[in-house]
Amino acid sequence: GRTVALVVAAGSGTRAGGDVPKQYVPIAGRPMLAHALAALEHPAIDAVHVVIAPGQEAQFAGISDIVPILGGDTRQQSVRNGLEHLAAESGIDRIFIHDAARPFLPPVVIDRLLAALESADGAVPVLPVVDTLANGGDALGDVADRSALVRVQTPQAFRFDAILAAHRAWDGAANATDDAQIARAAGIRVALVEGDAMLDKLTYAQDFARAEERLGARLV
Ligand code: CTP
Ligand code: MG
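Before going into details, it helps to say that this report is about the structure given with it.

The rules behind the values
Residues numbered from 1 in each chain as written. Chains lettered and ligands numbered in written order. Predicted model: local features only at pLDDT ≥ 70, side-chain atom pairs only at ≥ 80, totals over all residues. Helix = DSSP H or I, 4+ residues; strand = E, 2+ residues; numbered from the N terminus. Rg over C-alpha atoms; globule rule 2.2 N^0.38 Å. Buried ≥ 20, exposed ≤ 12 C-beta atoms within 10 Å, placed from the backbone. Contact = placed C-beta atoms within 7 Å. Core = buried A, V, L, I, M, F, W, Y, C linked by C-beta atoms within 7 Å. Near = placed C-beta within 6 Å. Nonpolar A, V, L, I, M, F, W, Y, C, P; charged D, E, K, R; others polar. Axes fitted to C-alpha atoms, helices over the stretch in contact; angles between N-to-C directions. Parallel < 35°, antiparallel > 145°, perpendicular 65-115°, else oblique. Left-handed = near helix turned anticlockwise from the far one by under 90°.

Glancing now at the overall build of the protein chain. A tally of regular secondary structure across the protein chain gives seven helices and 10 strands. Taken over the C-alpha trace, the protein chain has a radius of gyration of 17 Å; the compact-globule value for 220 residues is 17 Å, and the two agree within 12%. In terms of overall dimensions, the protein chain has a C-alpha envelope of 50 × 40 × 40 Å along the principal axes. With 220 residues in all, the protein chain has 38% of them scored as buried. Counted over contacts in the protein chain with a minimum sequence separation of 6, partners at least 24 positions apart contribute 69%.

Structure follows, in structure tokens:
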């Protein structure tokens, strides 16, 4: 069967601010989304699909020839739109669901996820939590045991039929910030592989400057 990638890039980048939605903001002279698409060019990935926001077709056409799928109001809905579009194709065995906001994907992470998918229907890259996690509010609250927690990144890899069924079964009213929680809710075992700091999500404006520095350091 085929292995495809689905990049979600239909967000509005509210926390990053700025005039241009963050997926189109250049990093080292190239839009973030273009970096994300390039990183998915891997010998094991047969095709890359993209979900964009309605109205951003012209911006997207400036960076790729891929025919985009239109997203929804939430990340979850954008992924769902992508999955339903791909459901019309036959022969898709595995899917990598990835955030455009994580544009620097080391190929070794793709290799780890593919290896993990040999024995699980889902696999995600994770990193340890290094900060103290506590309840916030007016005053500091209880602290969580961080040694029991992980930070879950994307791409998240799944057997296509399994994640499609999980999305269809998910309660649309519940907000899911990633696909692994939707998979788990449907009883899919999700394996963990080692993530990578280069995959940290670009959320705030200052993350872009830091990403540019990291990228420069990696390229020299
Ligand atoms: N995303 C999407 N469709 C949405 C919302 C988010 O495809 N309706 C995508 C974003 O484009 C991003 C990924 O999901 O690649 C992770 O979301 P996030 O980092 O939260 O991006 P935004 O939603 O754009 O940012 P913000 O939450 O600050 O508005
Ligand atoms: Mg968001």
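Core analysis: the largest hydrophobic core is formed by 51 residues, its most contacted members being Leu6, Val7 and Ala9. Filtering out sequence-adjacent residues up to four positions away, Val7 remains in contact with Ala36, Leu37, Leu40, Val48, Val50, His98 and Ala100.

Our next topic: the site of ligand 1. Residues in close proximity to ligand 1 total 23 residues, the closest being Val8, Ala10, Gly11, Thr14 and Arg15. Only strand E1 (2–9) and helix H3 (75–87) provide two or more residues apiece to the shell around ligand 1. Here the residues of the shell around ligand 1 are counted per class, giving seven nonpolar, 10 polar and six charged.

On to helix H1 (residues 32–39), then. Taken across its eight residues, H1 has seven buried, putting it largely inside the fold. Buried residues in H1 make contact with E1, strand E2 (26–27), strand E3 (30–31), strand E4 (47–52) and strand E6 (92–99).

Now for the packing of H3 against helix H5 (residues 160–169). Running from amino to carboxyl end, H3 crosses H5 at an angle of 130°, the nearest separation of the two axes being 10 Å. As judged from the angle between their axes, H3 and H5 are oblique. Crossing hand, H3 versus H5: left-handed. Residues Val79, Arg80, Leu83 and Ala87 of H3 form the contact with H5, whose own contacting residues are Ile163, Leu164 and His167. Here the residues of the contact of H3 with H5 sort into five nonpolar, one polar and one charged.

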